[in-house]
Amino acid sequence: MLQCIFLLSDSGEVMLEKQLTGHRVDRSICAWFWDQSISQGDSFKSLPVIASPTHYLFQIVRDGITFLACSQVEMPPLMAIEFLWRVADVLSDYLGGLNEDLVKDNFIIVYELLDEMIDNGFPLTTEPSILREMIAPPNLVSKMLSVVTGNASNVSDTLPSGTGSCVPWRPTDPKYSSNEVYVDLVEEMDAIVNRDAELVKCEIYGEVQMSSQLTGFPDLTLSFANPSVLEDMRFHPCVRFRPWESHQVLSFVPPDGQFKLMSYRVKKLKNTPLYVKPQITSDSGICRVSVLVGIRSDPGKTIESITLSFQLPHCVSSADLSSNHGTITILSNMTCTWTIGRIPKDKTPCLSGTLALETGLERLHVFPTFKLGFKIMGIALSGLRIEKLDLKTLPPRLYKGFRAQTRAGEFDVRL
Amino acid sequence: MFNQFGSTAETLSKASAVVNRIGTDAHLYDDPEDVNIAPLLDSKFESEKCEALKRLLALIAQGFDVSNFFPQVVKNVASHSSEVKKLVYLYLLHYAERRPNEALLSINYFQKDLGDPNPLVRAWALRTMAGIRLHVIAPLALAAVGKCARDPAVYVRKCAANALPKLHDLRLEEHAPAIDELVGILLADHSPGVVGAAAAAFTSICPNNFKLIGKSYKKLCQILPDVEEWGQILLIGTLLRYVVARHGLVRESLMLSSHGLDNNGFYEKDGLVIDLTLDKRDGDKSDSFDANLVSLVSKCYIEGPDEYLSRSNCPDTVSSAFDSKETTSISHNEDVKILLQCTSPLLWSNNSAVVLAAAGAQWIMAPLEDVKKIVKPLLFLLRSSTASKYVVLCNILVFAKAAPSLFAPHFEDFFICSSDAYQVKAHKLEMLSLIANTSSISSILREFEDYIKDPDRRFAADTVAAIGLCAKRLSTIPTTCLDGLLALVRQESFAGDLESVDGDAGVLVQAVMSIQTIIELDPLCHEKVIIQLFRSLDSIKVAAARATIIWMVGVYCSLGHIIPKMLTTVTKYLAWSFKSEASETKLQILNTSAKVLISAEVDDFQMLKRIVVYVLELGESDLSYDVRDRTRFLKKLLSCKLAETAEDSVASQENIAEHVVEHVFGRKLKPFSPLTPQNRFYLPGSLSQIVLHAAPGYEPLPKPCSFVFEEHDQLSDSDRQREATAGLHGSQESSETVDEDGSSEYDSESSNGSDFSSDVDDRTISNDANDPLIQISEVAVSTDQEELRSKRALDMWLDEQPSTSNQSSSALDRNQSSYAKISIGDIGSRVKPKSYTLLDPGSGSGLKVDYTFLSEFSTVSPLHVCVEVLFENGSTEPILEVNLEDEEAAKVSDSAEQTLVGKANVFHNNVPTLIPMEEIGCLEPRQSAKRLIQVRFHHHLLPMRLTLQYNGKKVPVKLRPDLGYLVKPFSMSVEEFLATESRLPGMFEYSRRCSFADHIEDSRMENGKDKFLSICESITLKVLSNSNLYLVSVDLPVANTLEVVTGLRLRFSSKILSSEIPLLITITVEGKCTEVLNLTVKINCEETVFGLNLLNRIANFMVEPSS
């Protein structure tokens, strides 16, 4: 089981250490880790499981903060990784984001949370709703209170009722004057377009996100009009397996507030809303680039915040790029981003220009991959439709809302 | 402050930054030491304490050692504020192991908190107490866990389950069975939350104690979907291991599929209808999975790769299939069926670790046709975070190696995204090259073409290697691949002309090597390719690539018709370029020229010989010593060849040197072995599989059918569990014992440490038979045990009074149907208090100082102990002015101890710790003098520092407290004793076993005397010689044989000096008169730390031989 958790800032400083068992881990392991990641570069940083000379290390990086956990014995590595993700989720939820200053400013809360979340290296309470009852998140009121009175404990005196119930994700008996349920279909389109401009792979990764503010102990059922399009899915623990197995209905007692009910995948889509046509010709040390972006199949809604980014090859010494629409920025790490926004009615956005290669190089032999970004509100491109959402015992006033949106996920266009 | 809200934007943003940090602990982290922390800790305001603790935590977070604040922090444990408590616990757990003595001071507060009506307080106390990791308090912590394991609050029970591994970690051999029992009890809990934590405890404490699982296997399976995710991960593993140990592997599963074909007869014998699947398997078996690899994988799972691989060196054992008795069939076995049923919905879990664990269980146990349902969930995991993606890929790779057909249709999922990390890309490539088949290869190759142009050249090089692997696996594509690769070689070599980027060189080398692997399959077909490569030597500049091609010249020099004709030219070219080559290439040229020479035809021999001699001459004068060494070696080896003429070469075949040369250079390539070096397989989802070595604590699956589940075990198990329950509770048992004993008639004799009453008496036999009530309740226990237990658990909490009914009876009590009562004669004269050395003559220049604790009461205060100090002059000169003084009298003593001890007895605080003795003016040689001092110890374990003065010198000495004398006799009757004892159950009762051998010598000596009496005497003597107690009573068993003393029980009572808390000691004897006896020493006392320490002390001195 885990022996210790370290939080490292993006400069390698150990911000916080939490020893979990009696076998203390010296923080010199962090120095070793940081030396290695400097000397070995990115490939080390992206290695989630590392066998160091003394410990096995599990690392995840979230918003510049490295969460490092140590163990000396066999344990499921995914458990450690998932747990660290959960810690990062809870922390960013509590602190309203995650960065070095926030962690340092609220280190007591971080300690209290960690102590509650893991006991002797094994996760204890990871359910956000219970944690919120045990340790109050910092908010403006409590902050002000602590300034004024000089004393405001954020540690609860009583055990949250959820710890003992069979639905630990739900606090017992929340009360709302207006009962509201909102369902969001949030989809991401993953696609690969190869160098012959063929659509090699196109699929949707979607999430059913819910926000529920319901009084009492509601029992919801959610059904889809076309569940057969779903290739694969994963559920929040509140979803009962039986009804899904028998007739593809989601039956559950929802947590309170925002949560992710399920995630799903729809494969083998035939079309993308946008096309990208890149062209590069290189001759005698100069490359001519032209990229066209346009609508391939109109989804019926506006496509917003279109961006196209790519990494200039290392052998490019200078770039002179311009576009007829939108703005182009080139960062020092050779990342070029073209922000298009919406496609104008009258013209097709086009990026063109020249790249000068390093001296001695005649033509380009490596080619960048373009990453497309976009967002479409009001439509789920997978075609998944929610049929109905039912509540077993209807409260007097119930507001139901449904929304959908699609954005680009891993949308790669190769050149 | 408000002035800051000025007009400019700059000050506004500054102000907002300030506002954001208001109310946070930012200032504490930035500058934790800007105020003096110590006085804050002693403050009477909770908020100040809180701030001080936060500052300490900030220092801990930043890696400073603040353990010196420990004493001050510890006393805040008594705070009522939950925040202070939480912070103190955080601090305590961080440092407790380093400051054991001070940590002990907090135990009483934990004890108090454990009885708190608020479950959160109980849980925190339990977590911290178990986490402190001190051996001294382990029995206490265990008792606390035992109590909390029956707590009405789920959360507390969960914490109890989490606490078990902490105790196990202390390696308490004597408590191991008790811990195991507790794991069993918690596993049988009805709340899923507790079961999850219990599964974790089971995995780390007793992963092979399958009896515990066997009892509630079905219930565990049913509860599995409701257990929280972290528990599910470990519970799945546990259930899987249980099923394998109980029933073995499943015959229809993939693991045994490779044996299935050999065991056809055995299917028929069983009369099972598996023909359908078998037929299907026969059809495309070669394509669907690699039988060798599958059996290797399953062997690795069962035996662990290290054992298996080391064993497999002897070939006959490899073939040994699993014994058919060690397997089971899914259609017959309910347990397997349930396991598969309850794990399959978990493939939909949101937690990737759960999905992988469930997939692992299905992979090993599911019948072949069902295994494919793990594929999609596993692939879905590839859409999660980078970190889990990598781990999942590592596991999928193993699955795909054994059964590529499972993943073959899903090849698109392994196409590479530009955002993938390098390791993920590399794994995906390996995956693609593994699962490529005739239908998918064209799309895969097209993808590969794209990858080769990727800016990441390392990845491009890997792609080229993957192409080679694909071409090797699939017989249809090599030609296409070769063409592509050759084009790549041409292009890369051209690019490399202009610029030597490291990455590009890698691609080229990899391309040449991939071509080589493809050629290797069928060299004759690819003769033209080889020739093309030879020709491209001129344009390829990368040393490693050149070396590979030159090596190929040597290997394929006698292949086909064209190559032998080219040889002279090629060799000439090589000789010509030798000077400008890298040493790596030079070595290859040397080797190749030797090989060429060996296989040269007669026509070219002279020519080649001249070239080789030339190359060898060049090599001999090379800068690199590696090259020079190689040259000399080859020259020597080839000397016979070089000397002879073409005609001779045919004639002198007999020469032994010829043979050697022939053997070294003329050998053809061996066929490629199918087993790649990377064939270590560990259980899916394990850490070992990722790091590719067995991590400490890794255990392969248990041996199939190694666990025999006996039905009648179940009964005895429940019996045992009940006993354990009773034992842990203690209260019922003891109170019941008390009742029984109380009903008999006693006329106890009383004694008091210094003078014994001398009423010698004989035995009165009391005849109380088994109480019928007990038997009735026993029936109730066995039938309705579950209900009773929970009721008892509640009883424990609702009122701490001993339970009114006798619910259980222990075996011990049933044996003892009757008792006698004795008194012991005057042994006061034989009590010899033990003496300790304060100063030995060696370090005291002849002065020897010993001290003995006296049982007399102090005249000054009840807290003082009388110590007799014996001074002896062993030197030849007189010693002057000998005196003992308190060292710390002048200094300020440790504040923590002062305050903590002081709290209990404030009014004694002004009493000096040492009542000094009368000074000895002069001590003549060989003269000795006794003096009496009275001492008040700060703490019952810590020695007292004194200064010994003599001859004008000051020597620091340590007076160690003897726990036995920190109590005073407390006279009470047996009835009072039993009443007091019954008020101190559970947590306040602890026992230890030890042996006792003093009586053996004794009873032989006084043969005429009654053996029982002499045993009693020797035990009493031993106890009273080492501690200051009051003997309440002695119970004698009236057994059938006079030899057996089992049941003899002595009771002593006392009060702790410092706190006047009564302390009861019961010694129960087992064994035979003439042999070493086993004693069980039991102490009942509210002051648990003191009691435990005294218990250890008693157990220690009972074992010591008497002086």
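Definitions and limits used
- For every chain, the first residue of its written sequence is number 1, and the numbers climb from 1 along that sequence.
- Each chain takes a letter, starting from A, and each ligand takes a number, starting from 1, following the order in which they are written.
- Note on the predicted model: pLDDT of at least 70 is required for a residue's local features to be given, and 80 or more for side-chain atom pairs to be given and counted; whole-chain, interface and lining totals, by contrast, use all residues.
- Going along the chain from the N terminus, every DSSP run of H or I of four or more residues is numbered as a helix, and every run of E of two or more is numbered as a strand.
- Partly exposed residues are those falling between the two cut-offs: more than 12 but fewer than 20 other C-beta atoms within 10 Å of their own, whereas 20 or more means buried and 12 or fewer means exposed, with C-beta atoms placed from the backbone.
- Any pair of residues counts as being in contact when their C-beta atoms, constructed from backbone geometry, are within 7 Å of one another.
- Interaxial angles span 0 to 180 degrees and are taken between N-to-C directions of axes, which are lines fitted to C-alpha atoms, for helices over the stretch in contact.
- Roughly parallel means an angle under 35 degrees; roughly antiparallel means over 145; roughly perpendicular covers 65 to 115; every other angle is labelled oblique.
- Here the nonpolar group is Ala, Val, Leu, Ile, Met, Phe, Trp, Tyr, Cys and Pro; Asp, Glu, Lys and Arg are the charged ones; every other residue, Gly included, is treated as polar.
- The term nonpolar core means buried Ala, Val, Leu, Ile, Met, Phe, Trp, Tyr and Cys residues held together as one set by C-beta atoms within 7 Å.
- pLDDT gives the predictor's per-residue confidence on a scale running from 0 to 100.
- Note that the arc is defined by the directions from the helix axis to the C-beta atoms.
- Only when DSSP finds a minimum of two bridges between them are two strands counted as paired.
- Each domain span listed reflects an automatic or database assignment of domains.

(A) Highlighting the overall build of chain A. Assigned secondary structure in chain A consists of 8 helices and 23 strands. Counting every position in chain A, which comprises 415 residues, the buried fraction comes to 40%. The contacts in chain A between residues at least 6 apart in sequence include a share of 68% that link residues at least 24 apart.

(B) Spatial organisation of unusual backbone geometry. Residue and element names in this part refer to chain A. The backbone of Asn120 shows a phi angle near 55°, a positive value even though the residue is not glycine. Within the element layout of this structure, Asn120 appears in the loop between β6 (118-119) and β7 (122-123). Here Asn120 falls in the buried class, since 26 other C-beta atoms lie within 10 Å of it. Backbone geometry places Gln248, a non-glycine residue, at a positive phi of 50°.

(C) Geometry of the packing of helix α11 (residues 154-168) of chain B against helix α13 (residues 192-205) of chain B. All names here are of chain B. The N-to-C vectors of α11 and α13 enclose an angle of 5°; their axes lie 8 Å apart at closest approach. As summarised for this structure, α11 and α13 are arranged roughly parallel, according to the angle between their axes. Every residue of α13 that contacts α11 at Val154, Arg157, Lys158, Ala161, Asn162, Leu164, Pro165 and His168 is listed here: Gly193, Val194, Ala197, Ala198, Ala201, Ser204 and Ile205.

(D) A look at the interface of chain A and chain B. Counting from both sides, the interface comprises 88 residues of chain A and, opposite them, 90 residues of chain B. A class-by-class count of the residues in the side of chain A that touches chain B yields 43 nonpolar, 22 polar and 23 charged.

(E) Representation of the nonpolar core in the model. Core analysis: the largest hydrophobic core is formed by 412 residues, its most contacted members being Leu57(B), Leu126(B), Val145(B), Val183(B), Leu186(B) and Ala198(B). The contacts of Leu57(B), once residues within four sequence positions are left out, are Ile108(A), Tyr111(A), Leu87(B), Leu90(B) and Tyr91(B).

(F) Structural context of the confidence of the model for chain B. Residues and elements named next belong to chain B. Per-residue pLDDT for chain B has a mean of 73; in total, 73% of the residues score no lower than 70. For chain B, per-element mean pLDDT is lowest for helix α45 (residues 772-783), which scores 35, and highest for helix α25 (residues 352-365), which scores 91. Low pLDDT (under 50) marks residues 648-653, which in the prediction has 5 contacts with non-local residues, meaning those over four places away or in another chain. Counted against residues more than four places away or in other chains, residues 712-823, with its pLDDT under 50, gives 159 contacts.

(G) Region of interest: helix α34 (residues 527-536) of chain B. Residue and element names in this part refer to chain B. Where α34 is concerned, the buried positions are Val529, Ile530, Leu533 and Phe534. All buried residues of α34 project into a common sector of 145° when viewed along the axis, lining one side. Residues of α34 that are exposed and point over 90 degrees away from its buried face: Lys528 and Arg535.

(H) Up close: the sheet that holds strand β17 (residues 316-323) of chain A. All names here are of chain A. One open sheet holds the 4 strands; their spatial order is β14-β15-β20-β17, and the pairing between them is antiparallel. Of all strands in the sheet, those with a lone pairing partner are β14 (274-283) and β17, marking the two edges. Ignoring strand direction, the axes of neighbouring strands in this sheet form an average angle of 15°. In terms of strand pairing, β14 meets strand β15 (residues 286-295) through 10 bridges, oriented antiparallel. Following the sheet pairing, Ile280 is matched in β15 by Val289.

(I) Focus on the packing of α25(B) against helix α27 (residues 386-402) of chain B. Residues and elements named next belong to chain B. Contact geometry for α25 and α27: axes closest at 11 Å, N-to-C directions at 10°. Taken together, the axes of α25 and α27 are roughly parallel relative to one another. Facing Ser352, Leu356 and Trp363 of α25, the residues of α27 in contact are Ser388, Val392, Asn395 and Phe399. Class assignment for the residues of the contact of α25 with α27 results in 4 nonpolar, 3 polar and no charged.

(J) Broad picture of the domain arrangement of chain A. What the domain assignment reports for chain A is domain 1 (4-161), domain 2 (179-269 + 381-414) and domain 3 (274-377). Distance between the C-alpha centres of domain 1 of chain A and domain 3 of chain A: 40 Å.

(K) Structural context of the pairing of strand β19 (residues 1049-1056) of chain B. All names here are of chain B. Across the 8 residues of β19, 6 count as buried, placing the element largely inside the fold. Note that strand β16 (residues 967-969) and β19 share 3 bridges and pair antiparallel. Paired with Lys968 across the strands is Lys1055, a residue of β19. As defined by bridge partners, strand β18 (residues 1030-1037) adjoins β19 across 5 bridges and the pair is classed as antiparallel.

(L) A look at helix α10 (residues 138-148) of chain B. Along α10(B), 11 of the 11 residues are buried, which leaves the element largely enclosed by surrounding structure. Where α10(B) is concerned, the buried positions are Ala138(B), Pro139(B), Leu140(B), Ala141(B), Leu142(B), Ala143(B), Ala144(B), Val145(B), Gly146(B), Lys147(B) and Cys148(B).

(M) Region of interest: the sheet that holds strand β15 (residues 953-959) of chain B. Residue and element names in this part refer to chain B. Spatially, β12-β10-β14-β15 is the arrangement adopted by the 4 strands of the open sheet, whose pairing is antiparallel. Of all the strands in the sheet, the pair left with one neighbour each is β12 (920-923) and β15. When strand polarity is set aside, the average angle formed by the axes of neighbouring strands in this sheet is 30°. Alignment of strand β10 (residues 879-886) against strand β14 (residues 944-950), held across 4 bridges, turns out to be antiparallel. Directly across from Asp886, in β14, lies its bridge partner Leu946.

(N) The environment of Ala200(B), seen in detail. Its place among the elements puts Ala200(B) in helix α13. Taking C-alpha positions, Ala200(B) is 16 Å from Ala130(B), a pair spaced 70 residues apart along the chain. Among residues more than four places away in sequence, those in contact with Ala200(B) are Phe122(A), Gly231(B) and Leu234(B).

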